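Residues per chain are reported as follows:
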Amino acid sequence: MLYSVRMRAAQGDAHEKGGKHISGAERLVRQEQLPAVAAAMLRRALFHSRGTADFINLTVETVLKENIQAVACLPIATVAVPSIAAGRVAAQVELIKAGVAPAAVAAGIKALAGLKESLRGAMLVDAQTGVRLDNGERGIRVSRMDIADEQAYLCWLSRQGHSNIHIQEAVVLASKVMSASGVAAELCWSDDPEYVTGYVATPTLYIRFTQLKPYGSPIGGRIFFIKENTDLEQLVHYLQYQPVLINVPAEEAS
Ligand code: WAQ
Ligand code: MG
Ligand code: MG
Ligand code: MG
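Residues numbered from 1 in each chain as written. Chains lettered and ligands numbered in written order. Predicted model: local features only at pLDDT ≥ 70, side-chain atom pairs only at ≥ 80, totals over all residues. Heavy atoms only, no water.

Chemist: I would appreciate a short explanation of the environment of Val-105 in the present structure.
Modeler: As for its placement among the helices and strands, Val-105 is situated in helix 3 (residues 102–113). Val-105 sits 107 residues away from Leu-212 along the chain, and the two C-alpha atoms are 14 Å apart. (Helix = DSSP H or I, 4+ residues; strand = E, 2+ residues; numbered from the N terminus.)

Chemist: Looking at this structure, I do not really get the site of ligand 1. What am I missing?
Modeler: The full set close to ligand 1 counts 25 residues, and Leu-119, Val-142, Asp-191, Tyr-195 and Tyr-206 are the nearest of them. Ala-122 places a main-chain nitrogen or oxygen 3.3 Å from a nitrogen atom of ligand 1. In this structure, an oxygen atom belonging to ligand 1 sits 2.5 Å away from a side-chain N or O atom of Tyr-195. Burial of ligand 1 by the surrounding chains reaches 95%, relative to a free accessible area of 700 Å². Elements supplying a minimum of two residues to the shell around ligand 1: helix 5 (165–179), strand 8 (183–189), strand 10 (206–209) and strand 11 (221–226). The element best represented in the shell around ligand 1 is helix 5, accounting for three residues. (Near = heavy atom within 4 Å. Polar contact = N/O pair within 3.5 Å; in protein donor to acceptor, adjacent residues only side chain to side chain. Areas by Shrake-Rupley, 256 points an atom, 1.4 Å probe, with all protein chains shown as cover.)

Chemist: I keep staring at a nonpolar patch on the surface and nothing clicks. Help me out?
Modeler: A cluster of nonpolar residues, Leu-42, Leu-46, Phe-47, Ile-56, Leu-58 and Val-60, forms a patch on the protein surface that exposes about 490 Å² of accessible area. Looking at the nonpolar patch, the elements that each hand over two or more residues are helix 1 (34–46) and strand 3 (55–63). Looking at the nonpolar patch, the element that brings in the most residues is strand 3, giving three residues. One can find Ile-56 in strand 3. (Patch = residues over 30% accessible without salt bridge, like charges linked within 9 Å, V, L, I, M, F, W, Y side chains within 5 Å. Salt bridge = Lys/Arg side-chain N within 4 Å of Asp/Glu carboxyl O.)

Chemist: How should the coordination of the magnesium ion (ligand 4) be read in this particular structure?
Modeler: Four donors placed tetrahedrally around a metal ideally meet at 109.5 degrees, and six donors placed octahedrally ideally meet at 90 or 180 degrees. Listed as protein donors to the magnesium ion (ligand 4) are Asp-191 (OD) and Asp-192 (OD); their distances from the metal cover 2.0 to 2.1 Å. Between the magnesium ion (ligand 4) and the magnesium ion (ligand 2), a separation of 3.4 Å is found. With respect to class, Asp-191 is no different from Asp-192; both count as buried. (Donors = N, O, S within 2.8 Å, 3.2 Å for Na, K, Ca; no water. Buried < 20%, exposed > 50% of the residue type's maximum accessible area, 1.4 Å probe, protein only.)

Chemist: Just to check I follow, could you spell out the sheet that holds strand 2 (residues 20–29) for this structure?
Modeler: The strands making up a sheet associate through hydrogen bonds between their backbones, and the pairing can be parallel or antiparallel. Pairing in this open sheet of three strands is antiparallel, and the strands run 2-1-3 from one edge to the other. Sheet topology places strand 2 and strand 3 at the edges, where each strand pairs with a single neighbour. The sheet shows a mean angle of 10° between the axes of neighbouring strands, taken without regard to direction. Pairing of strand 1 (residues 2–11) with strand 2 involves nine bridges; the strand directions are antiparallel. When the bridges of strand 2 are listed, Met-7 appears paired with Ala-25. This element, helix 1, spans strand 1, strand 2 and strand 3 of the sheet and lies at about 165° to strand 2. (Pairing = 2+ DSSP bridges. Axes fitted to C-alpha atoms, helices over the stretch in contact; angles between N-to-C directions. Contact = heavy atoms within 4.5 Å.)

Chemist: Which parts of the structure should I look at to understand the domain arrangement of the protein?
Modeler: Buried accessible area, meaning the area lost when the parts come together, often serves as the stated size of an interface. Structurally, the protein comprises domain 1 (2–67) and domain 2 (70–247). Between domain 1 and domain 2, the C-alpha centre-to-centre distance is 20 Å. Contact residues are listed per partner, giving 21 residues for domain 1 and 22 residues for domain 2. Between domain 1 and domain 2 the total buried area reaches about 1700 Å² when both faces are included, carbon and sulfur atoms providing 44% of it. Among the residues domain 1 hides against domain 2, the three largest losses belong to Glu-26, Leu-28 and Arg-50. Together they make up 33% of the total. With its nearest N and O atoms 3.0 Å apart, the salt bridge here joins Glu-26 to Arg-141. Of all elements in the fold, only strand 1, strand 2 and strand 3 reach the threshold of two or more residues within the side of domain 1 that touches domain 2. Per-class residue counts for the side of domain 1 that touches domain 2 are five nonpolar, eight polar and eight charged. (Domains from an automatic or database assignment. Buried area = accessible area lost by both parts, 1.4 Å probe. Nonpolar A, V, L, I, M, F, W, Y, C, P; charged D, E, K, R; others polar.)

Chemist: Hey, could you run me through the sheet that holds strand 6 (residues 123–126) in this one?
Modeler: If you walk across this open sheet you meet the six strands as 5-10-9-8-11-6, and the pairing is mixed. Taken across any chain shown, the strands that pair with only one partner, and hence form the sheet edges, are strand 5 (76–79) and strand 6. With strand direction ignored, the average angle separating the axes of adjacent strands in the sheet is 20°. In this structure, strand 6 lies alongside strand 11, joined through four bridges in parallel fashion. When the sheet's bridge partners are listed, Met-123 is paired in strand 11 with Ile-223. Docked against the sheet, helix 6 (residues 232–241) engages strand 6, strand 8 and strand 11, running at close to 140° with respect to strand 11.

Right, here's the structure in full:
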């Protein structure tokens with residue numbers, strides 16, 4: 001048995017009462033990890049660069065091992081770009097290569113860049129038409145995922161020169177999202193003011209771009225581009241409720 005641990009924190013009031021989203025996190029852990037993981041989430045909500053939370057929801061639920069699905073981790077590539085504009089152009093090229101219509105890519109970037117405030121979850125956008133498919137202002141929050149073997153993951157990342165928590169969490173999330181049938185690609189940049197690197201995820205690659213948003217901006221978000229004829233209800237259920245553990249490639253003998 002594992003435990004799904006989920007945290008969402010807001011300022012002013014609860015999210016559903018119009019509070020400002022500060023931070024969220026989701027893990028799938030063993031019982032002995034639970035106290036430390038829960039404490040770390042509370043710390044993160046209380047000491048966040050987006051501000052201090054005064055509403056924190058921490059949920060813990062059991063998950064049966066036989067319901068967990070194994071998903072392969074996406075490989076990571078990094079593209080250094082000289083400016084935000086160059087980063088966004090490069091991201092658009094990758095989204096188009098992944099099968100998102102140019103007009104939908106443009107609409108998606110416009111929606112993300114035009115946000116007045118960060119949502120708690122991701123926007124769903126039709127990959128052909130660019131029309132927004134989720135109805136809420138909150139977006140769809142992906143949950144119930146984690147890395148299967150944390151030590152192996154941290155080693156695998158560190159051998160590629162990566163060590164920060166943003167990338168650790170984003171690669172897990174993107175790997176789950178891209179394992180969902182119906183998602184053509186994802187675009188993301190952080191809502192943490194100091195974190196300007198963003199990414200595009202495709203079915204085969206997680207591609208980082210070193211600048212996708214202005215330094216200091218507290219507005220970030222995610223867009224999942226949805227293929228034609230996708231059963232939205234089934235997709236959203238998978239993203240929110242299907243427990244998934246991500247596996248890194250076994251270490252190659254050297
Ligand atoms: N499900 C759906 N949307 C989410 C989730 C989730 N579990 N978590 C965050 N979001 C949305 C929400 O709108 C946030 O405002 C936005 O994404 C950004 O979240 O170097 O740190 O946690 O390779 O701030 C990407 C680059 C970092 C990492 C992403 O996102 C790298 C990041 P943040
Ligand atoms: Mg967060
Ligand atoms: Mg996050
Ligand atoms: Mg954040």
